[in-house]
Amino acid sequence: MKTIAVFALGFGTGMICLAAMLWSTGNLPIGQVHAARVVPGAIPFEDPQITHGERKQLPAVPPPFVPPAPAASGATPPATIASSSATPSLAMPIAGVDPNMLRSNFSETRGGHAHEALDIMSPRGTPVLAVAEGNVVKLFNSKQGGLTVYQFDDSRTWCYYYAHLDHYAPGLKEGTLLRKGEILGYVGSTGDASPNTPHLHFAVFQLGPEKNWWQGTAVDPLPMLK
Ligand SMILES: [Zn+2]
């Protein structure tokens, strides 16, 4: 009996020492779990251009055109289901361009995926204007889009995406509140645009309930500009 007790004591002490050694060398399994854990809130390291391009689901029926919602007059209109889901009426992102002279290239295929955006050819350095009031949620430099701006509208229903910018407007940063028509950047050919054809790649995404700048359903922007 005494022998067993001594053995048990020795075994227990040994296990405690072993645990202490593992702990001090960082080899405890729990340490590895922590090391491999994804930082909460980290954005997925993927090109949103690719994500958007590969998105196959399109609205079965385009949202009906609704006459302009109350123009941005400074005050934010109370968000109602009706007004927040209505197709917005947007300002032209390039001053002086007649939307009636533009042709939709939303459904064209670019690089093996649906374009789902509107290209507006314009000389390098032409100011790019916010199409609506709302906050900049992300400034992102992607392989395909180059220098990009993601802006949410005030109701956080829509995301406006401006790509291939040559440079941003001075002082622009994430969180900046842009007024409709305010300069956010300048036309360029960053990303996969040809240097010979600087243009604005402009896209509109209807946000899902998670309100992530990299998730949404692309909608043809052209009818919203007319
Ligand atoms: Zn484009």
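Up top is the structure.
My aim in this report is to walk through the structure given alongside it, one point at a time. Each chain has its residues counted from 1, following the order in which its sequence is written. With pLDDT at 70 or above as the cut-off, local features in this predicted model cover only qualifying residues; side-chain atom pairs require 80 or more to be listed or tallied, and sums for whole chains, interfaces and linings still use all residues. Just so you know, side-chain values use all the structure's heavy atoms and leave hydrogens and water out.

Quick notes on the packing of aromatic side chains
Line of reasoning, step 1. When two rings of Phe, Tyr or Trp (its six-membered ring) have centres within 6.5 Å they constitute a pair, described as stacked for plane angles under 30 degrees, edge-to-face for angles over 60, and tilted for the intermediate range. Applying the stated criterion across every chain yields a total of seven aromatic pairs.
Line of reasoning, step 2. Residues Y161 and F205 carry aromatic rings whose centres are separated by 6.2 Å and whose planes lie at 55° to one another, so their mutual orientation is tilted. Placement of the pair is Y161 in strand 7 (residues 158-168) and F205 in strand 10 (residues 199-206), with a sequence separation of 44 residues. Residue Y161 shares its accessibility class with F205, and that shared class is buried.
Line of reasoning, step 3. Ring geometry for W213 and W214: centres 5.4 Å apart, planes at 85°, overall edge-to-face. For the pair W213 and W214, one class covers both residues: buried.
Line of reasoning, step 4. Through a chain of ring-to-ring contacts, the aromatic side chains of F140, Y150, Y161, F205, W213 and W214 assemble into a single cluster. Strands are runs of DSSP state E lasting at least 2 residues, helices are runs of H or I lasting at least 4, and numbering of each runs from the N terminus. Think of it in three bands: residues with accessible area under 20% of the maximum for their type are buried, residues over 50% are exposed, and the middle band is partly exposed, with areas taken using a 1.4 Å probe on protein chains only.

A look at the coordination of the zinc ion
Put simply, a metal with four donors set out as a tetrahedron has ideal angles of 109.5 degrees, and one with six donors set out as an octahedron has ideal angles of 90 or 180 degrees.
Line of reasoning, step 1. All of the protein donors around the zinc ion are H115 (NE2), D119 (OD) and H201 (ND1); their distances to the metal are 2.0 to 2.1 Å.
Line of reasoning, step 2. A relative accessible area of 10% places D119 in the buried class.
Line of reasoning, step 3. Taking the relative accessible area as the measure of exposure, H201 reaches 5% and is therefore buried. Donors, by definition, are the N, O and S atoms found within 2.8 Å of a metal, the threshold being 3.2 Å for Na, K and Ca, and water is not counted, so a site can look incomplete.

What to know about the nonpolar core
Line of reasoning, step 1. The biggest cluster of nonpolar side chains holds 30 residues, and the ones touching the most others in it are L90, V149, Y160, Y162 and L184.
Line of reasoning, step 2. No other element matches the five residues that strand 7 contributes to this core.
Line of reasoning, step 3. Any two residues whose heavy atoms approach within 4.5 Å at even a single point are treated as in contact. If we ignore the near neighbours within four places in the chain, the residues touching V149 are V136, K138, L139, Y160, Y161, Y162, L165, Y168, L172 and L184.
Line of reasoning, step 4. Take the buried residues of types Ala, Val, Leu, Ile, Met, Phe, Trp, Tyr and Cys, join any two whose side-chain atoms come within 4.5 Å, and each joined set is a nonpolar core. Membership of the second largest hydrophobic core comes to 14 residues, among which are Y150, A203, L207 and W213.

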